Amino acid sequence: VSLKETQPAMIWQSGTKSWLIGEDGRVLREAEEGDVSFGRVIDAAQVQIGTGDKVADGGFVSFVREVYQITQDKNIALDQVFITDTTRELDLKLKTGVTIKLAVERGAGEQMEAYQKTIETAARDNIQIKEYVDVRVIGKTYYK
């Protein structure tokens, strides 16, 4: 028998409950008030889950952790991080009201860099981005 412990990695909020998720994407336990140091992902589909359930793969968990680190390092003020129908896409709602749409299969760093370049270019050209910046397609950025 081989045992492998997983470390707590993030909070998963579904409906009115919040769950502590391990590095492998499994629910460890219901989240507690002291778990605030972990990044939170809101499941907009509000799928019912419980202890031991697998809600995502390890790649998704790593991606979320990297996104939280990058936004902290670059002083990007997050309001909410959420998924809608799949863990292949992640949406970041900023305090400014703008949402960044990310693809989990691509690098978080390159997508956040594309977002920042888009914001810089828009500011230089006096364009106001009010709704979203979509950086999911390689070499392209869409905004509204």
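Procedures and definitions
Residues numbered from 1 in each chain as written. Predicted model: local features only at pLDDT ≥ 70, side-chain atom pairs only at ≥ 80, totals over all residues. Heavy atoms only, no water. Pairing = 2+ DSSP bridges. Helix = DSSP H or I, 4+ residues; strand = E, 2+ residues; numbered from the N terminus.

Caption draft 1: Just the pairing of strand S3 (residues 27-30), in detail. As paired strands, strand S2 (residues 17-22) and S3 are joined by three bridges and run antiparallel to one another. Following the sheet pairing, Trp-19 is matched in S3 by Glu-30. Where S2 folds back onto S3 in an antiparallel hairpin, the turn is made up of four residues, including Gly-25, whose phi is positive at roughly 90°.

Caption draft 2: Focus on the sheet that holds S3. The strand order across the open sheet built from nine strands is S3-S2-S1-S4-S5-S6-S7-S8-S9, with neighbouring strands paired in mixed fashion. Only two strands of the sheet have a single neighbouring strand rather than two, namely S3 and strand S9 (142-143). Across four bridges, the pairing between strand S5 (residues 78-83) and strand S6 (residues 89-94) is antiparallel. Note on S6: the bridge partner recorded for Phe-82 is Asp-91.

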